[in-house]
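Commentary on secondary and tertiary structure
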Amino acid sequence: MNEIKKGYILDSILEAKDDPVLAKKALGNLVSFSIEHGINGNLYKKYILYTLIYNDNSYTRSIEMNQKTIGQSNIILMDYQEYFELYNKEFEFLNEAKYFQFKREEDNYLASLLDSLYNEIEKMNNYHNFVRVIESFYKTKGLADMAIYKAFRVDNGILKPIKNVLNVTFNDLIGYDMQKSLLCENTEFFLNGKPYNNVLLYGDAGTGKSTSVKALINKYFDKGLRIIEVYKHQMAEISKIINKLKSRPYHYVIYMDDLSFEENEIEYKYLKSIIEGGIEPKPENVVIYATSNRRHLIKETISDNGGVFDDLHRNETQAEKLSLSYRFGLQIYYSSLSIDEFRSMVKEMAIKNNIIMDEEKLIIEASKWQMRNGTLSGRCAEQFIKYLSNKIQN
């Protein structure tokens, strides 16, 4: 590990010694950190484990990739020994932080990981078991944010975790069984190392395209799926992002929501090259998923279809505009609902949300809502149910 990354909280604890002012400050830092991350129990020991999870360096990366064993370096063993001694070090002013409890979110994955590591080590608290548990974590879970968070966004070329991913499942998306099946099948091919396709989910607004992608990450997170959200203005950065991902032991969906390009926008050329056509092939642990209201992602004009002959090579121009869509090997269409499908969806959502109302009155109110909003979609049905829930409660 070369250098133990203790963090400012551990530094403040080690510096406190017999100084009551510094001790109080160190305890406050530890408690504040634990509240922020939803950590209960022995806060000090779990903070030590947290620093180990985030000890991202060349050695821990090699363990993550199953390239080394700990017996190869005495320096590494000494680092583990220092961590083990820190883990078991007693500080009297931290006694009240040994049994800290407060209510936390049920889906706090970081807290659950720390609980699991702590319980495994405490079963047999000796040096060899400590090393075994930590190394096993690196091999099976990975490092730092990638081990903990489901989704990431790009910020100046750096991947930043999205800490609150909407907890939706495919059961929350009523209907669209064929679409969901195709998407899950392709994703499972991807995760299992079989031939897979990049995917374009297209169709009318509010039909569940984005919801389907969000449901994927909740379904397959434990199997190593992670999502990287990329916006249109970041297209030029995708190749750099992929270069960072190709050596990690996870599977990544590069996700672009509501993707489309106007005629004068050329960012799509970066995406074309990355999907297919560049000299360096896209790594097998990366796939591109995009959602759009357009099947043909680049805006077409009347002249593209022969209305105005101002282009000597009109067919080539049209082919260029269609070429991006064609590079998505799997295109899944999400259509608007029929009036009967919309009403069925409203009734099912009402049941799921414990709304008790005469069915005829429910349909009448839903129809009024739909006419005001002008769409027959799952989003419209969901918005109506939210409105109705609030109206009933009030």
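Structural notes, computed from the coordinates. (Residues numbered from 1 in each chain as written. Predicted model: local features only at pLDDT ≥ 70, side-chain atom pairs only at ≥ 80, totals over all residues. Heavy atoms only, no water.)

Here's the deal with unusual backbone geometry
Its identity as a non-glycine residue notwithstanding, Tyr 176 has a phi of 55°, on the positive side. Along the chain, Tyr 176 falls in the loop between strand S2 (158-162) and helix H9 (177-191). Among the residues examined, Tyr 176 registers a relative accessible area of 8% and is labelled buried. We note that Asn 354 has phi near 55°; this positive angle belongs to a residue other than glycine. (Helix = DSSP H or I, 4+ residues; strand = E, 2+ residues; numbered from the N terminus. Buried < 20%, exposed > 50% of the residue type's maximum accessible area, 1.4 Å probe, protein only.)

Some remarks on the layout of surface pockets
The rolling of a water-molecule-sized probe over the atoms marks out the regions of remaining empty space. Volume-wise, the largest pocket comes out at about 710 Å³. Lining the largest pocket are 29 residues; nearest its centre among them are Asp 172, Thr 211, Gly 378, Arg 379 and Glu 382. For the lining of the largest pocket, the secondary structure elements donating two or more residues are helix H10 (209-220), strand S6 (286-292), helix H14 (339-352) and helix H16 (378-393). Element by element, the count of residues in the lining of the largest pocket is highest for H16, at six residues. (1 Å grid on protein atoms, 1.4 Å probe; cavity = no way out; pocket = protein on both sides within 12 Å on 5 of 7 lines; lining within 4 Å. Points joined across faces, edges and corners; volume = space filled by probe spheres on them.)

Quick look at the side chain of Thr 187
The topology assignment puts Thr 187 in helix H9. If we ignore the near neighbours within four places in the chain, the residues touching Thr 187 are Leu 216, Tyr 220, Leu 225 and Tyr 289. (Contact = heavy atoms within 4.5 Å.)

Brief notes about the pairing of strand S7 (residues 330-334)
Only one face of S7 is buried: it carries Leu 330, Ile 332 and Tyr 334, and the other face, with Gln 331 and Tyr 333, is open. In this structure, strand S3 (residues 199-203) lies alongside S7, joined through five bridges in parallel fashion. From the neighbouring strand, Leu 201 faces S7, where its bridge partner is Ile 332. (Pairing = 2+ DSSP bridges.)

Section: the environment of Val 287
Locating Val 287 in the fold gives a position in strand S6. For Val 287, a relative accessible area of 0% corresponds to the buried category. Placed 35 residues apart in sequence, Val 287 and Tyr 252 show a C-alpha to C-alpha distance of 6.4 Å. Apart from residues no more than four positions distant in its own chain, Val 287 is found in contact with Phe 190, Tyr 196, Asn 197, Asn 198, Tyr 252, Val 253, Ile 254 and Lys 282.

With respect to the nonpolar core
Leu 49 and Ile 228 are the most contacted members of the largest nonpolar core, which has 68 residues in total. Residues contacting Leu 49, with those up to four places away along its chain left out, are Tyr 87, Leu 114, Leu 117, Tyr 118, Ile 121, Phe 130 and Ile 134. The next biggest cluster of nonpolar side chains, apart from the first, holds 43 residues, and it includes Phe 170, Val 287, Met 345 and Cys 380. (Core = buried A, V, L, I, M, F, W, Y, C linked by side-chain atoms within 4.5 Å.)

A look at the pattern of salt bridges
Proximity of charged atoms lets side chains of opposite charge pair with each other. If you walk through the whole model with that rule in mind, you get ten salt bridges. Lys 45 serves as the salt-bridge partner of Glu 122, at 3.1 Å between the closest nitrogen and oxygen. Residue Glu 122 is found in helix H6 (residues 109-123), and its partner Lys 45 is found in helix H3 (residues 43-53); the two are separated by 77 residues along the sequence. Glu 122 sits in the partly exposed class, given a relative accessible area of 29%. You can call Lys 45 buried: its relative accessible area is 11%. Here Glu 120 ties to Lys 123 by a salt bridge, and the two come within 3.6 Å at their closest N and O atoms. Here Glu 120 and its partner Lys 123 are both found in helix H6, three residues apart, which amounts to about one turn of the helix. Taking relative accessible area as the criterion, Lys 123 reaches 67% and is therefore assigned exposed. (Salt bridge = Lys/Arg side-chain N within 4 Å of Asp/Glu carboxyl O.)

Description of the pairing of S2
Along any regular strand the residues' side chains alternate between the sheet's two faces. Relative to S2, strand S1 (residues 151-155) runs antiparallel, the two being bridged by five bridges. Note on S2: the bridge partner recorded for Val 154 is Leu 159. What sits between S1 and S2 in their antiparallel hairpin is a turn of two residues, with Asn 156 showing a positive phi close to 55°.

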